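In case you want the letters, here they are:
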Amino acid sequence: MEAELKRLVMRSPFEVRVPKPRREGEATLLYPFDARIAWVAACHHRTSSRISWDLFSSEAVRLEPLFEELLPSLRADDRLPAASALRFSVDLGSAHDFEASPLQLRGVVKNAIVDALKPRGVTAEVDADSPDVVFVARRAGTPEHRRTVVGIDIGGGARHRRGARVTSGPAPLRETMAAQLVMLSRWDARSEPLVDPMAGGGTIPIEAAGLAVGAAIRKPGDLPFRHLAAFDGLPSEVPDLFPGTTPRILALDIDAERIGTIVGNLRAAGLTGASHEQSIVIGQKDVRTLTPDDVMKLLPAARDMKPGVFCFNPPYGVRIGGEAGEGKLLELYAAMGRAMARFTGWRAACFVANPRFVEAFGHAPIMTKPATNAELPGAFLVYTL
Ligand SMILES: C[S@@+](CC[C@H](N)C(=O)[O-])C[C@H]1O[C@@H](n2cnc3c(N)ncnc32)[C@H](O)[C@@H]1O
């Protein structure tokens, strides 16, 4: 997350340095607020799940003390929207250790917002269907220091929803995780080809193409910026941040049905047509028989490039294959390992939710990072081949 933000801000229209974030647990980075950095993150950042502009933080774990602290804090807060009428909603993040039900917590935050804005002449009303601004309440912090935090969602909700996927394969990887996988592989789009040999619905190739050119995933007009004075004067357009880059990506799958799925999803993401023809190539192929020669034939531009990167997520056996398929799955992992051994100098990065993958694949990972996809615990693994 951190490396991606730095890279994006460096190529953004703003002369600003990204400060070092504070880490909170495994999954949260806290940055001091700067509207320009927040604008870049909200429009372009692909690896984050949510982006909150935190306004309030308290140790309160019960409703009454929370309301007593939250109301005066919001009353004095000049960052809140100032329009005469405001439609808003309150989303809840993880709040399992708050000592009231999620519904009650949401209710208290809603009441505090309405009461805080009333003296300013702002009529605020809840509209969950088309809110101008979404507030987020969540429990956060480290196990020793838990806090209740209220912020404004400036990232347009759950960010894995890119709005582009029309159909998915049987076990799609979440878009934010696909982007994390590509970042972890340290793919250099200017000098290395990227191959997803089991592309399913094409999530990884699509995220790779977006990362390569720095394409936006949200438009400023779809975000709450116009209601927040801090974002006044920031751009309303979002051109690619790395416009000169032509990535070379190969998306393969053994299943003929998946080929149509990939084409449909690439089209929905605006990644088809003459300008992308040589950039993203799709093919039906069994990874077990894949050779460097096949890659060069399918993706001729790769001949002039450095050794490339495999980014993939193989079938796990839980949702595909079932228990009876476990033996077959391990055979597949082993055959993949042998096929990839032909690609000397390449790297491979994958997300796998099967603990027996590492042994069967037969290469030693240089990095292992636990992660969860659709409630299946697994790990990102990175290899040099
Ligand atoms: C977990 S899914 C990949 C999901 C994909 N990353 C996405 O987000 O849509 C695994 C894919 O591996 C493909 N596959 C299984 N065996 C294969 C093989 N031997 N060669 C190539 N692809 C294979 C399946 O058809 C399936 O689409």
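Here the structure is a predicted model, which means the values were calculated and not measured. (Residues numbered from 1 in each chain as written. Predicted model: local features only at pLDDT ≥ 70, side-chain atom pairs only at ≥ 80, totals over all residues.)

So, about the domain arrangement of the protein. According to the domain assignment, the protein contains domain 1 (2-153) and domain 2 (175-384). Relative to domain 2, the C-alpha centre of domain 1 lies at a distance of 32 Å. Counting from both sides, the interface comprises 23 residues of domain 1 and, opposite them, 24 residues of domain 2. Those elements giving two or more residues to the side of domain 1 that touches domain 2 turn out to be helix H1 (2-10) and helix H2 (35-44). Ranked by residues supplied to the side of domain 1 that touches domain 2, first place goes to H2 with 6 residues. Each residue belonging to the side of domain 1 that touches domain 2 can be placed in one class, and the counts come to 12 nonpolar, 5 polar and 6 charged. (Domains from an automatic or database assignment. Contact = placed C-beta atoms within 7 Å. Helix = DSSP H or I, 4+ residues; strand = E, 2+ residues; numbered from the N terminus. Nonpolar A, V, L, I, M, F, W, Y, C, P; charged D, E, K, R; others polar.)

One way to put it is that helix H3 (residues 63-75) packs onto helix H4 (residues 102-117) with a least axis distance of 9 Å and a crossing angle of 30°. When the interaxial angle is binned, H3 and H4 end up roughly parallel. Two packed elements cross with a definite hand, and for H3 against H4 that hand is right-handed. When H3 is examined against H4, the residues Leu63, Leu66, Phe67, Leu70, Leu71, Leu74 and Arg75 are found in contact with a partner set consisting of Gln104, Val108, Val109, Asn111, Ala112, Ile113, Asp115 and Ala116. Across the contact of H3 with H4, the residue classes tally to 11 nonpolar, 2 polar and 2 charged. (Axes fitted to C-alpha atoms, helices over the stretch in contact; angles between N-to-C directions. Parallel < 35°, antiparallel > 145°, perpendicular 65-115°, else oblique. Left-handed = near helix turned anticlockwise from the far one by under 90°.)

Quick look at the nonpolar core now. Within soluble globular proteins, side chains that are nonpolar generally end up buried alongside one another. In terms of nonpolar packing, the biggest core is built from 57 residues, with Leu181, Val182, Ile204, Ala208 and Cys311 touching the most fellow members. A per-element tally of this core places helix H5 (residues 175-184) first, with 7 residues. In this view, Ala208 contacts Val182, Trp187, Leu194, Pro247, Ile249 and Cys311; residues no more than four positions away in its chain are not counted. Core analysis: the second largest hydrophobic core is formed by 43 residues, Ile37, Ala41, Leu117 and Ile154 among them. (Core = buried A, V, L, I, M, F, W, Y, C linked by C-beta atoms within 7 Å. Buried ≥ 20, exposed ≤ 12 C-beta atoms within 10 Å, placed from the backbone.)

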